[in-house]
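# Structure assessment
Now for the letters of each chain:
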Amino acid sequence: MTDSMEQFDFFTLGLLMFVASLVAMLTRRIGMPYSVGLVSAGIALALLPIGLALPLTPELIFQIFLPPLVFEAAIQIPWKPLRRELPLLLALVTLGVVLAAATVAAGMHFIIGWSWIGAALFGVLIAATDPVSVIALFKSVRVPPRLHLLVESESLLNDGVAAVGFAVLVVIAAGGDLGVAEISTKLLVTIVGGIAAGAIVALPLILIAGRTSDRLVETTLTVLIAYGSFGLAEHFHMSGVLAALTAGIIVGNYGFMGSISDDGRPAVVNFWEYAAFLVNSLIFILIGGREASQAFLPVLGAAAVATALSLIARAIAIYPVASIFLGTRFAIPWKYKHVLTWGGLKGALALALALALPASIPERGEIITVAFAVVAFSIFIQGLTMKPLMRRLGLIEKGDLSEDAEKTLH
């Protein structure tokens, strides 16, 4: 982390912000997804002969980028609709992730020949959707509210489940002799502990925010909530993603219902929208910079197989699991299933987990490169075709976005 941040100086940060602004203007004018433009810009910057360092480390992603991204998305999720969809969402992010991870792991083991532990770790990290990519998709189009809620909530919960599963597999890979009871206990502690950490940090700070009407203080307290909840959970080896998610839901519902003043609410929302825009911009440029340095040719076959398996696995995670709820109020229209499947983009979380693989994994270098290849396919192919797909399915509703929404870039 220290070396990366030393390379990430103010000149580099300023340059990346300037590039992000230009990309935002250009992609908006030509109708290209913002994330695609940023990754392309990152590749271009990395190829320039100016020696620009574009560090991308798991520490940078987990400690700096993920907390605001998860928190900003979570404060937008209304609790009552989320609660109504919870049985469906829990099935998609538990059984769905297990099925997807198992599909990818089995394929990479039997087809490519990876060890079971390496294939399993790859299966988990690539099975989950990434809120950085998925949530950005709906920023500039009007879609049915339920679809919007399902995509955002499923991607965020998926993120947390994948991180938890990865952590358990890392312990096993390190030689931990865990039985079923020990694994179940660790899973439970990691999940419940993450949720508890989010509540422990968010609730008292929200109460403190209720003692002031200064919007700057209120905004500052939400920053402490976002990073504090994530950091507390990670410090005790629990789920930081679930902690930030829990904290964001508390702030976005309980906090906005009374603890945060009427003047403070728009200030908090605007700040976090900008924070998400800035972090999204930086992370996609850094992904592009790292993509440019990957040697894809030696792992082209493995990357092609992994990409195909990830798409198949995502379909298995959505269609069969959603079919369980046919005939109930949780039933999902086929159009929504198509969007959830093709919209299962990969991004920062998959790369952070790949880069955090233990050195003891025999295929570590190959897994990292293959993960970058799958993410590149996800961003460029799935990202570019998502809006046309939704338009073809008739899921983009007519009507202009509000002025604020129109200014929010995807």
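In this report, we go over the structure that sits alongside the text. (Residues numbered from 1 in each chain as written. Predicted model: local features only at pLDDT ≥ 70, side-chain atom pairs only at ≥ 80, totals over all residues. Heavy atoms only, no water.)

Further remarks concern the overall build of the chain. The secondary structure content of the chain amounts to 18 helices and zero strands. For the chain, the C-alpha radius of gyration of 20 Å lies close to 22 Å, the compact-globule estimate for 410 residues. Taken along its principal axes, the extent of the C-alpha atoms in the chain is 60 × 55 × 45 Å. Expressed as a percentage of the 410 residues in the chain, the buried residues total 53%. By element, 67% of the accessible surface of the chain is carried by carbon and sulfur atoms, the whole surface being about 17400 Å². Counting 24 positive and 26 negative side-chain charges, the chain places the centres of these two groups 11 Å from one another. (Helix = DSSP H or I, 4+ residues; strand = E, 2+ residues; numbered from the N terminus. Rg over C-alpha atoms; globule rule 2.2 N^0.38 Å. Buried < 20%, exposed > 50% of the residue type's maximum accessible area, 1.4 Å probe, protein only. Areas by Shrake-Rupley, 256 points an atom, 1.4 Å probe, with all protein chains shown as cover. Lys, Arg positive; Asp, Glu negative; His and termini not counted. Charge placed at Lys NZ, Arg CZ, Asp CG, Glu CD.)

All right, on to the pattern of salt bridges then. The full count for this structure, using the stated rule, is two salt bridges. Among the ionic pairs, Arg-146 bridges to Glu-85, the shortest N-O distance being 2.8 Å. Within this pair, whereas Arg-146 is found in helix H9 (residues 145–173), its partner Glu-85 is found in the loop between helix H5 (79–84) and helix H6 (86–112), the two being separated by 61 residues in sequence. Residue class for Glu-85 comes out buried when judged on its relative accessible area of 10%. In this structure, Glu-154 and Arg-314 form a salt bridge, with 3.1 Å as the shortest nitrogen-oxygen distance. Separated by 160 residues along the polypeptide, Glu-154 in helix H9 and Arg-314 in helix H14 (residues 300–323) bring together distant segments of the chain. (Salt bridge = Lys/Arg side-chain N within 4 Å of Asp/Glu carboxyl O.)

Among the surface-exposed residues, Leu-188, Ile-191, Val-192 and Ile-195 lie close enough to one another that they form a single nonpolar patch of about 330 Å² accessible area. Among the structural elements, Ile-191 can be located in helix H10 (residues 180–209). (Patch = residues over 30% accessible without salt bridge, like charges linked within 9 Å, V, L, I, M, F, W, Y side chains within 5 Å.)

A few words now on the side chain of Arg-314. For Arg-314, a relative accessible area of 4% translates into the label buried. Beyond its immediate chain neighbours, meaning those up to four positions away, Arg-314 contacts Thr-129, Glu-154, Asn-158, Leu-340, Thr-341 and Gly-344. (Contact = heavy atoms within 4.5 Å.)

This brings us to the nonpolar core. Counting 108 residues, the largest nonpolar core has Met-108, Phe-122, Leu-125 and Val-339 as the members making the most contacts within it. Contacts of Met-108, omitting those with residues within four sequence positions, involve Gly-113, Trp-114, Ala-119, Phe-122, Ala-302, Val-305, Ala-306 and Leu-309. Listed in part, the 19 residues of the second largest apolar core include Ile-206, Ile-250, Val-251 and Ile-260. (Core = buried A, V, L, I, M, F, W, Y, C linked by side-chain atoms within 4.5 Å.)

The residue Ala-106 is located in helix H6 in this model. Residues Ala-106 and Pro-144, spaced 38 residues apart in sequence, show a C-alpha to C-alpha distance of 36 Å. With residues near it in sequence (within four places) discarded, Ala-106 still touches Ile-111 and Trp-116.

The next subject is the packing of aromatic side chains. Counted according to the given criterion, the structure contains eight aromatic pairs. The interplanar angle of 10° and the centroid separation of 5.7 Å between the aromatic rings of Tyr-34 and Phe-277 together place this pair among those described as stacked. Residue Tyr-34 is located in helix H3 (residues 34–47), and its partner Phe-277 is located in helix H13 (residues 264–292); the two are separated by 243 residues in the primary sequence. Considering the side-chain rings of Phe-325 and Phe-330, the 5.8 Å spacing of their centres and the 75° angle between planes classify their relative orientation as edge-to-face. Feature note: the residues Tyr-34, Tyr-274 and Phe-277 constitute an aromatic cluster, connected by ring pairs. For Lys-337, the ring lying beneath its charged end belongs to Trp-334, and the centroid distance is 3.9 Å. (Phe/Tyr/Trp six-rings, centres within 6.5 Å; stacked < 30°, edge-to-face > 60°. Lys NZ or Arg CZ within 6 Å of the ring centre and 35° of its normal.)

Mapped onto the elements of the fold, Phe-71 is located in helix H4 (residues 58–75). Considering only alpha carbons, one finds Phe-71 and Gly-113, 42 residues apart in sequence, at a separation of 39 Å.

Here the focus is helix H15 (residues 334–342). Within H15, the full set of buried residues consists of Tyr-336, Lys-337, Val-339, Leu-340 and Thr-341. In this structure, the buried residues of H15 make contact with H9, H14 and helix H17 (364–392).

When two helices pack together, their arrangement is given by the angle between their axes and by how far apart the axes lie. It is the contact of H6 with H14, at a shortest axis distance of 8 Å, that shows an interaxial angle of 150°. Here H6 lies roughly antiparallel to H14, going by the angle between them. Remark: the crossing between H6 and H14 carries right-handed chirality. Within the contact of H6 with H14, the residues separate by chemical class into 20 nonpolar, five polar and no charged. (Axes fitted to C-alpha atoms, helices over the stretch in contact; angles between N-to-C directions. Parallel < 35°, antiparallel > 145°, perpendicular 65-115°, else oblique. Left-handed = near helix turned anticlockwise from the far one by under 90°. Nonpolar A, V, L, I, M, F, W, Y, C, P; charged D, E, K, R; others polar.)

With their axes 10 Å apart at the nearest point, helix H2 (residues 10–30) and H13 run at an angle of 100° to one another. Taken together, the axis directions place H2 and H13 in an arrangement best described as roughly perpendicular. Each of Leu-13, Leu-16, Met-17, Val-19, Ala-20 and Ala-24 in H2 lies in contact with H13, whose residues at this interface are Tyr-274, Phe-277, Leu-278, Ser-281, Leu-282, Ile-285 and Leu-286.

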